[in-house]
Amino acid sequence: MKKIVLLGYMGCGKSTIAQNLSKITNIPFLDLDKIIEERAKMSINEIFEKHGEIYFRKLEHQIFVELLQSAENNIIGLGGGTPCYANNHELLKGDDVVSIYLKASIDTLYNRLVYNKSKRPLIANMNEEEMKEFIAKHLFDRSFYYNHAQHKVSVDDKSVEETVQDILDILA
Ligand SMILES: Nc1ncnc2c1ncn2[C@@H]1O[C@H](COP(=O)(O)OP(=O)(O)OP(=O)(O)O)[C@@H](O)[C@H]1O
Ligand SMILES: O=C(O)C1=C[C@@H](O)[C@@H](O)[C@H](O)C1
Ligand SMILES: [Mg+2]
């Protein structure tokens, strides 16, 4: 069985959707951000503060490759930036991978992130106006990488259940 890889911008719902998909399919869910935190024995915020983003990106790449190489069936939820560094986007095309981009509009992302930004170091210190502009530009830059996914699911105005169903249809 192929690895199911969910990707997309911060707040698009990778962790939430993957957890629900995991319950329905009984395929274990691995959250790359969580595994990085366990390995580093510190939070993502602390990794950024103590070691910087480049260190984080190296660790992220190393652990992503490791997860793809393991023999187990898994749903892997990537970090928001994972496809955009270290040529990770090329790994989304692998034969043993089903990669799915959870595509959200700027408004959806802003509404989900605005009250929930403290654990996301890239936006933690921005005010509301800065955040909206940042998301718009950043999403534009990142879309090139996200579009390397084999499948795209739009998440705007959909419940968790509806998005999970869209993914089940892709996997069927
Ligand atoms: N229909 C929906 N589908 C998914 N998540 C939703 C939905 N509606 C609201 N949310 C909320 O959006 C927030 C962001 O979701 P989540 O943390 O799963 O995103 P993420 O893509 O894993 O983000 P990150 O890259 O920062 O880890 C959560 O608080 C979640 O409950
Ligand atoms: O979009 C990003 O670059 C990030 C998203 C999060 O999932 C974390 O991986 C980290 O905060 C960086
Ligand atoms: Mg997440």
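Residues numbered from 1 in each chain as written. Chains lettered and ligands numbered in written order. Predicted model: local features only at pLDDT ≥ 70, side-chain atom pairs only at ≥ 80, totals over all residues. Heavy atoms only, no water.

**Details of the site of ligand 1**
The environment of ligand 1 is made up of 17 residues, and the closest members are Lys-14, Ser-15, Thr-16, Arg-120 and Lys-158. A distance of 2.5 Å separates an oxygen atom of ligand 1 from a polar side-chain atom of Thr-16. For ligand 1, an oxygen atom lies 2.6 Å from a polar atom in the side chain of Arg-120. For ligand 1, whose accessible area on its own is 640 Å², the fraction buried by protein is 75%. Here the shell around ligand 1 takes four residues from helix α1 (residues 14-25), the largest share from any one element. Of the residues contributing to the shell around ligand 1, the split by class is five nonpolar, seven polar and five charged. (Near = heavy atom within 4 Å. Polar contact = N/O pair within 3.5 Å; in protein donor to acceptor, adjacent residues only side chain to side chain. Areas by Shrake-Rupley, 256 points an atom, 1.4 Å probe, with all protein chains shown as cover. Helix = DSSP H or I, 4+ residues; strand = E, 2+ residues; numbered from the N terminus. Nonpolar A, V, L, I, M, F, W, Y, C, P; charged D, E, K, R; others polar.)

**A closer look at the site of ligand 2**
Every residue lining ligand 2 is accounted for by Met-10, Asp-33, Ile-44, Phe-56, Arg-57, Gly-79, Gly-80, Gly-81, Pro-121, Leu-122 and Arg-142. One of the backbone N or O atoms of Gly-80 is found 3.0 Å from an oxygen atom in ligand 2. For ligand 2, the cavity whose grid points lie within 2 Å of the majority of its atoms is the largest pocket. (1 Å grid on protein atoms, 1.4 Å probe; cavity = no way out; pocket = protein on both sides within 12 Å on 5 of 7 lines; lining within 4 Å. Sits in = over half its atoms within 2 Å of the grid points.)

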